[in-house]
Amino acid sequence: MRKSFTAVLGYFAGGLTLLVAILVPFVLMGFFSNAVARAGLHVDEGYSGGVAARTIARDGYRIVVNQPVKPHLLQRMEPFVQVAWEPASALPAQISEDVDLDGDGRPDVHLTFAVPADAKEPLQVNVASLNDNYQSFAGVENESYSRLVMRTDRGIMVRVPLSRKFSTR
């Protein structure tokens, strides 16, 4: 009788341990989520594209220009400015725009790209710099973190690299 009681108690303890092991992550998830949120962690600007500096309204869509992103000590990327056209559904079939990236009221680059109807088709962008602060390039898809065009959930995003002269200021 004592052996069967010990066996039942052992199985009960094992089942209870298994139940606790399964439920603990769900109970503690809120605690860990709050701890991470309070820690102030964020995605590095080299990957997120930086903070929005200004929005330019167009007929049916908007252009969001972010602040320049400069790499940190061990990052291997060029400094860049991210520009986004949103929403993708409201964009015309061809984009050809002069955009003021530094907020001085004068256009800095001329960007041209086609907006294919199929979201899976690759995008290519041509950027013509209108001053010495930005680099020109043509036919770029996804060359690097600093020089790319891609479709996102919200729209189409282009990264324009800063010139070496401008990035050291």
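Below you will find a few notes about this structure. (Residues numbered from 1 in each chain as written. Predicted model: local features only at pLDDT ≥ 70, side-chain atom pairs only at ≥ 80, totals over all residues. Heavy atoms only, no water.)

Comments concerning the sheet that holds strand β5 (residues 109-114)
Next up, step 1: Read across the open sheet, the 4 strands follow the order β4-β5-β6-β7; overall the sheet is antiparallel. Two strands in the sheet have a free side with no partner beyond their single neighbour: β4 (94-99) and β7 (137-140). With strand direction ignored, the average angle separating the axes of adjacent strands in the sheet is 10 degrees.
Next up, step 2: Relative to β5, β4 is paired through 6 bridges, and the arrangement is antiparallel. Within β5, the position partnered with Glu97 by the bridge is Leu111. (Pairing = 2+ DSSP bridges. Helix = DSSP H or I, 4+ residues; strand = E, 2+ residues; numbered from the N terminus. Axes fitted to C-alpha atoms, helices over the stretch in contact; angles between N-to-C directions.)

A word on unusual backbone geometry
Next up, step 1: For the bond running from Glu86 to Pro87, omega is -20 degrees, close enough to zero to count as cis.
Next up, step 2: On the secondary structure map, Pro87 appears in the loop between β3 (80-86) and β4.

Structural notes on the sheet that holds strand β1 (residues 52-57)
Strands in a sheet are paired, the pairing made by backbone hydrogen bonds, and the direction either parallel or antiparallel.
Next up, step 1: Reading across from one edge, β1-β2-β3-β9-β8 is the order of the 5 strands in this open sheet, with antiparallel pairing throughout. The two strands at the open ends of the sheet, each matched to only one other strand, are β1 and β8 (148-151). Between one strand axis and the next, the sheet turns through 20 degrees on average, direction left out of account.
Next up, step 2: Note that β8 and strand β9 (residues 156-161) share 4 bridges and pair antiparallel.

Brief notes about the nonpolar core
Next up, step 1: Residues Trp85, Val99, Leu101, Leu111 and Val125 are the most contacted members of the largest nonpolar core, which totals 26 residues.
Next up, step 2: Mapped onto this core, the elements with two or more residues apiece are β2 (62-66), β3, β4, β5, β6 (125-129), β7 and β9.
Next up, step 3: Setting aside its immediate chain neighbours within four residues, Leu101 contacts Arg54, Val65, Val81, Val83, Asp108, Val109, Tyr134 and Val160. (Core = buried A, V, L, I, M, F, W, Y, C linked by side-chain atoms within 4.5 Å. Buried < 20%, exposed > 50% of the residue type's maximum accessible area, 1.4 Å probe, protein only. Contact = heavy atoms within 4.5 Å.)

Some words on helix α1 (residues 2-38)
Next up, step 1: A rise of 1.5 Å per residue sets the reference length of α1, with its 37 residues, at 54 Å; its end C-alpha atoms lie 52 Å apart and thus fit the reference within 8%.
Next up, step 2: Along α1, the sharpest change in direction is near 40 degrees and occurs at Met29. (Expected span 1.5 Å × (residues − 1). Bend = angle between axes of the 7 residues up to and from the residue.)

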